[in-house]
Every structure is written in C-alpha cells, then in structure tokens.
Amino acid sequence: MNRISALREQMNSRGIYAYIVCTEDFHGSEYVGAHFRLREYLSGFTGSAGTLVVTQNQAALWTDGRYFLQAERELSESEITLMRSGEPNTPTIEQFLQDSMPENSFLGFDGRTVPAEFACRLQRKLSKKNIGFKTDEDQGNAVWNNRPPLSRQPVIAFPEELCGLSRAEKLGEIRKKMREKNAHCLALSALDEIAWTLNLRGADVEYNPVFLAFMLVFEERALLFSERSVFSDEIARELKKDGIEILPYDSIYSALEELSCNVWADPKAVNFRFLNSLENAKIIEKPSPIALLKSVKNAAEIAAEKTAHLKDGIALTRFMKWLKTAVQSEKITELSAAEKLEEFRELGVNYLGQSFAPIMAFGEHAAIVHYSATEATNAFIEPHGLLLCDTGGHYLEGTTDVTRTFVLGELTADEKRAFTLVLAGHLELLHAQFPEGVRGSTLDYAAREPLWKQFLDFNHGTGHGVGFLLNVHEGPQRISWRAVGDAPLKAGMITSDEPGLYVEGKFGIRHESLLLCEKTEHGFLKFSPLTLVPFDSAGVEKSLLTPRQIEYFNDYQRMVFEELSPHLSEEERVWLKEITKPI
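About the cut-offs
- Residues numbered from 1 in each chain as written.
- Predicted model: local features only at pLDDT ≥ 70, side-chain atom pairs only at ≥ 80, totals over all residues.
- Heavy atoms only, no water.
- Pairing = 2+ DSSP bridges.
- Helix = DSSP H or I, 4+ residues; strand = E, 2+ residues; numbered from the N terminus.
- Axes fitted to C-alpha atoms, helices over the stretch in contact; angles between N-to-C directions.
- Contact = heavy atoms within 4.5 Å.
- Core = buried A, V, L, I, M, F, W, Y, C linked by side-chain atoms within 4.5 Å.
- Buried < 20%, exposed > 50% of the residue type's maximum accessible area, 1.4 Å probe, protein only.
- Phe/Tyr/Trp six-rings, centres within 6.5 Å; stacked < 30°, edge-to-face > 60°.
- Lys NZ or Arg CZ within 6 Å of the ring centre and 35° of its normal.

J.: So, the sheet that holds strand E22 (residues 402-407): which residues are in play, and what are the values?
T.: A sheet is described by the order of its strands in space; here three strands give the open sequence E17-E19-E22, paired in antiparallel fashion. In this open sheet, the two edge strands, each paired with only one partner strand, are strand E17 (359-362) and E22. In this sheet, adjacent strand axes meet at a mean angle of 10° when their direction is disregarded. Note: E17 against strand E19 (residues 386-391), four bridges, orientation antiparallel. Bridge pairing in E19 places Ala-361 opposite Leu-388. Here helix H15 (residues 334-346) sits on the sheet in contact with E17, E19 and E22, set at roughly 140° to E17.

Written as structure tokens, this is what we have:
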C-alpha cells in the first residue's frame, strides 16, 4: 500500500473526507525538524513550502513559484496534482475543498500544525456546506513507521556583549509595548522571537539556531514552555533570576485555556489549536512587538554582523578563485562544490554552520529557483556557462546569505544580457535613497525596472529580512510588490537585495547581497552593503549598463578589494585585484 492510500485508510476509519498536511511545525517555522516532515513523507516533494490536500478520490499539492519546476519533477510519478499557487486558473485550497467536498462531510488536520489564519479562512468558506472540522488528527503517527521524535537539542547562552541588550532589558522593552496596548499577557509561539528575547540559541530546527518552546510574558513574570532537560542548571538559574519559570512543553494549551485576561496574540503567527485555546481570553489581535524590536539591530549587533560578513566574504572569495581555476581541469559536481565552499567557511573562527540548504546550480538547474542538488540530480560543473551559488552561514557574530552567479567559460549573448540586467537591478536597489516610512513594496520597482523594460521578470520577492544569528528569513520588512502588511524600513534593519532571471531549460541568474539600512545626514534612509563578495565581471555586458550603474559596480568591487585584501595571501590579493578591476 502506498503512503497516500495508507492515509486514506486512516481517514476512512475516522470519517474524514479530506485531510490537510501543511509544511509546518507547531510554531509556523519556515524550516521544520524531521518529526514534522509529514508532507514530504507522504508526497515526495522536498521543497520547504507546500500544502498537501488528500480527499477520498484526489490528491493535490500547492506550492509557490520558487518550486514549480522542482515540484513538477518530484511529483511526476505520483497521483498528486501540482497546483501552482498564484497562477491563473489555479484554485485556492479553500475553493478546491468547497468544490470537491460533499455537504455535511468532515475535514481533518492537526490543529497544532495548521496556521490559525488559514484554518479560519477554511471555516468561513466551508461553513456554506456545513462541513465539520476534526482538528486533533495527527495522522503522522499512524501512517509513518519509525517517525523521528521531537528534537531535544541543548540550549546555549548567547553572549550579552554580542546581543547588546540583556534579557531583562529586552523584557522591559516588551512589557512597555504591552502596557501601551493594555495587554496583561503576551502569548508567544515564534521560535526566533523567544530565542531573541531570552538571549538563548538552540538547534531543534535545521538551519535555524532556535529551540522548541512557547512563552507567556506577564507584567511581573514569564512562563517558558519547553523541555527542561535541554537547559543547563546554570541557564535555568539565570532564567529564574529574571522571573522566568520553565514548564513542560505540551502544557502550553492548558495554560492558554486558563487565561481570562487581555492576551496579545497574533492570529497570523500561531497555530489553530493555540488560538482556539484562548477561548476565555480577550485577544488583542496585533503582530508581536518582538518582530519589529529584533529586526532593528542595535550597535553591538551591527558591529558583530560586519565581522561575520567579513569572514564570509573571505570564504566566498577563496571559493570563487578555486572554482574558476579548478573547473578547467578537475571533475567537480554541484555537491562537491558545495562541500568545498563549506570547507572554506569552516576556516573562519566561530563558524557554526549553514543558514539554509545550499543552492549550487549549474546550467539549466539554476532555472529552478530553489534547486537543491541530490545524488539523483547532481550535475558535473563544466568549463562553460554559469553556476548559481546561493548559500549562507551562521557565525557566532551573525547570519549571512549571499548569491553570486559565476562565469565558468564562454557565455551566450542571452546569458550575458540576463546577467547584466539582473546586476543593474541589484545595483539600483543598493543605491536607493528614500524617506522614513517607505516600505519595501515601493522599493521593489528599483530592482525590477531594468528587467521590466525588456518585458522580463522573476517570480519571487526581491528582499527579505535576516535575523541576528537567527532565521535567515525574518520579517516584518520585505521587498516585493506583492507584499501585504510589510513594515516600513527602518535604520538598523538588514534586508536582502536579490533580483533574478530564470530561463527554463537553459540557465538562471541571481545576484544577492545583504544590505544594512542607515540614516543619511539629510534624515533620509539608504542602504549600505554588508556582503563582501566580488561580482564576476566576466558576465557583464558593459553596453547594457548606464554610466551611473557602471560607477556603482566599480565602487562596490573596489570596496570589496579594500576590505578583503588585508586578510588574504599575496597570491589571493593579486587574483582579487584582477577580478575587481574597473570595467
């Protein structure tokens, strides 16, 4: 019996007509631990975003534009229909279920792994057909033999000199925000918000240095719901000094049910069971104040991040030098290239690991926006065309995320044109100046204009926030014309600048740097690059750049040389001088 059939058998035994499996843990994390990968187990789709819906006679998977090509390939041998979210003629999950479910039937899902906002939309849509919900249905344990257990990795203390603020100071800022909203309790589910608040880090979620926990913050105390064994006695004592009590992880729901006060909880950031457990409370439905507090980095965090990016720039530059030389004579694959880059990163002091799964995509593989090489797809890297390298690292001093598209040999005219147009957009966004209050949805045009003028575009956002030794993707700011409810950019925010262009079956290009938002002397805001990795000038068609863009490019390349050269060998300096010379 295949896995979808096994799920249907369980559904039949429970009187469930349709079942939903989201790509979620109990906290809405972007990446999830092995225990929570039920959607991947059932469908075979390995992308980090997607929702599987199984009915008695259909199975369908929704994912976004980053994963269309990957999902098409991975679902090709299954009965599962790919639903391209956001594309014309693709129904939403709500509409699909309304059309396919009989009246008075039941929809099942694990309410702990389904976002509350999504579940509430389903309730509104399906109420017209009197469809009931069974939300305590974790079918993973029934259909998944040897399912991995919940992660229980040790929690570590994050040095206060790097954080810039103590745990008590952060709680003081949070409580000030609570008083402004007349909130008696702040109910937290997002793992990065809890880790940031407590100046603690963990390893329960792959690529994200966080630990499984919920938290309730009151005026005089706080309750932390987590596995006690992952905290050292010293950390537990320090938490107690700050009025924080550690309680069992799964007791959060009973604690929520007992609350009858004003509770600040964001329905867009908690799971369905979490929200329903607050039935006796008056809910203040606002985004968590911590999202904005942690997005604006303080002076200590900014200084640390600059150190992390210097180390990362050295590693990437050494990799670039090695790659462009070795590809001419050695057998290199996408996987072995990623391993080599990891070797260079590991030479950096305080390197902790990757901040996301590396994307090392040669030729046509780069047209798959979030391609991830496997043993089955692993391609040899040949001395021609382009290699898209999108990787990032966690250092004790911060988190990096950088994409460079490397030229490995002769390029076609189309490849050079695309390389240059994407570069032009990257440079225009890098040099944007704007008044306070401007959102990323406004700035998105700067990065897309060179492509739009040629009737070209890319099907992903242009920029995302980045955490401080936390999640590589964080809000509340974004750079995308599709952004809804994104926060205005503020000095201290770190945001990516990553336009791209993808030609199916041929090549893909993306240029990404992390930018620090800063105030100008005139009170406006601007960006300053944190990423210190040269662009491959061999891909540039100079005639497609404006004089201003050429100046921007040469200024960046010169800055990279000046920052990195003191840390390189003589041979490396000579090579870097050549690769960064003005065009």
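J.: Go over the nonpolar core, please, and point to the residues and values.
T.: One broad trend across soluble globular proteins is that nonpolar side chains are buried collectively. Of all hydrophobic cores here, the largest spans 77 residues; its most connected members are Phe-319 and Phe-434. Per-element tally for this core: the top contributor is helix H16 (residues 413-430), with nine residues. The contact partners of Phe-434, leaving out residues within four places of it in the chain, are Leu-443, Leu-489, Cys-517, Phe-524, Leu-525, Lys-526 and Phe-527. If you look at the next biggest cluster of nonpolar residues, it comprises 61 residues, including Val-32, Leu-188, Leu-212 and Leu-470.

J.: Can you lay out the environment of Ile-283 for me, pointing to particular residues and giving the numbers?
T.: Within the element layout of this structure, Ile-283 appears in strand E14 (residues 282-284). C-alpha of Ile-283 to C-alpha of Pro-267: the two residues are 16 residues apart in sequence and 9.2 Å apart in space. Sequence-distant contacts of Ile-283, defined by excluding residues within four places in its chain, comprise Val-263, Ala-265, Leu-275 and Leu-278.

J.: Explain the packing of aromatic side chains to me, and be specific about the residues and the numbers.
T.: Here the distance between the centres and the angle between the planes together describe a pair of aromatic rings. Taken as a whole and assessed by the stated rule, the structure comprises 20 aromatic pairs. The interplanar angle of 70° and the centroid separation of 5.7 Å between the aromatic rings of Tyr-31 and Tyr-207 together place this pair among those described as edge-to-face. Here Tyr-31 is found in the loop between strand E1 (18-21) and helix H2 (38-43), whereas its partner Tyr-207 is found in the loop between strand E9 (200-201) and strand E10 (214-218), with 176 residues between them in sequence. Here Tyr-31 and Tyr-207 have matching classes, each one buried. Aromatic ring contacts, followed pair by pair, group Phe-26, Phe-36, Phe-214, Tyr-249, Tyr-253 and Phe-274 into a single cluster. Positioned above the aromatic ring of Trp-196 is the side chain of Lys-170, whose terminal nitrogen or guanidinium carbon lies 4.2 Å from the ring centre. One residue, Lys-577, lies across the ring of Phe-561, its end atom 4.7 Å from the ring centre.

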